[in-house]
Amino acid sequence: MPFPELNLSLGLTDNDGSVFYAGSGEGKVIVRTDSALKKHTISIVISEQQIGSVNLKTHFEGVEIPAEIEVPTYQMIVTDDKTNEKEVYKVTRDTFFYKEQTAKKGLWSFLGLKFLAPKNFLFENIPFEPLKEDMEMFDISKYRKLNQEELTYTFRKEEQNIQIFAGDINTLKVEKGTSYFIIVDEKKGQRFIGDILYREKFLKLTPNVKLHIIKRKQVSKGMETNKQGRTDRLIYI
């Protein structure tokens, strides 16, 4: 069992009854005392910088929609206040739920023959976004759930459920009413999970985990895709 890390601070004494008293009449002698246990912090920062996209499986039974849809990814940085080591990941910030099928505008629609027009699929976006500040911070330390293949932090902001998910993205089934931040790495989330566990072990005491979400300038309310699941247009109004 590792020993907890002590936060050593400087103190002064001129009390001849103190075990730290240094001699005859010398006041204000500098000594080292164990003032408190220091608890370190892991910081997870989800930025507004888009850095790619990922194809996520759709899970809607009884509806003929694309098997996968294209979702943008954003930069996420993980660090801690002891090692200062930084790791960069991709994470999704949009949670799309199927709403309805639409007819793609074009010649057939113009001629009034919508039934011949190619079909698009409309997805409603239910993201979580800071409303008032440019950045919102959450202490998510106590919301961690870990098994052999997945690490999640699931918490609430007022009436909205929020989940940070790391694992095999193909096994995640999104639930209506929850906004997801899905971490994407080349090892099915295992690189991120290993990173967090390494930092926790290295920092000895169970660290605080602070999540910082930076507000985006534009957030789509919905998305239309073609039958292959590729984005046809984003809807902002």
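Residues numbered from 1 in each chain as written. Predicted model: local features only at pLDDT ≥ 70, side-chain atom pairs only at ≥ 80, totals over all residues. Heavy atoms only, no water.

Visitor: Mind showing me how you'd approach unusual backbone geometry here?
Guide: Note: most peptide bonds trans; most residues except glycine with negative phi. One non-glycine residue with positive phi stands out, namely asparagine 84, at about 60 degrees. Within the secondary structure, asparagine 84 is located in the loop between strand 4 (68-80) and strand 5 (87-92). The exposed category is assigned to asparagine 84, whose relative accessible area is 54%. We note that lysine 204 has phi near 70 degrees; this positive angle belongs to a residue other than glycine. If you trace the backbone, lysine 204 turns up in the loop between helix 2 (190-202) and strand 13 (208-214). Among the residues examined, lysine 204 registers a relative accessible area of 40% and is labelled partly exposed. (Helix = DSSP H or I, 4+ residues; strand = E, 2+ residues; numbered from the N terminus. Buried < 20%, exposed > 50% of the residue type's maximum accessible area, 1.4 Å probe, protein only.)

Visitor: How do you make sense of the side chain of threonine 41 when you look at a structure like this?
Guide: By the secondary structure assignment, threonine 41 is in strand 3 (residues 41-57). Threonine 41 gets classed as buried once you look at its relative accessible area, which sits at 16%. Once residues within four sequence positions are removed from consideration, threonine 41 is found in contact with Thr79, Asp80, Asp81, Asn208 and Lys210. (Contact = heavy atoms within 4.5 Å.)

Visitor: Looking at this structure, how should I read the sheet that holds strand 3?
Guide: Strand pairing in a sheet relies on backbone hydrogen bonds, with the paired strands running either antiparallel or parallel. If you trace the nine strands from one edge of the open sheet to the other, you get 8-13-3-4-5-12-11-10-9, paired in mixed fashion. Looking at strand neighbours, the two that pair on one side only are strand 8 (135-139) and strand 9 (144-146), the edges of this open sheet. The average angle at which neighbouring strand axes cross in this sheet is 30 degrees, direction not considered. Across six bridges, strand 3 lies against strand 13 in parallel orientation. When the sheet's bridge partners are listed, isoleucine 42 is paired in strand 13 with valine 209. (Pairing = 2+ DSSP bridges. Axes fitted to C-alpha atoms, helices over the stretch in contact; angles between N-to-C directions.)

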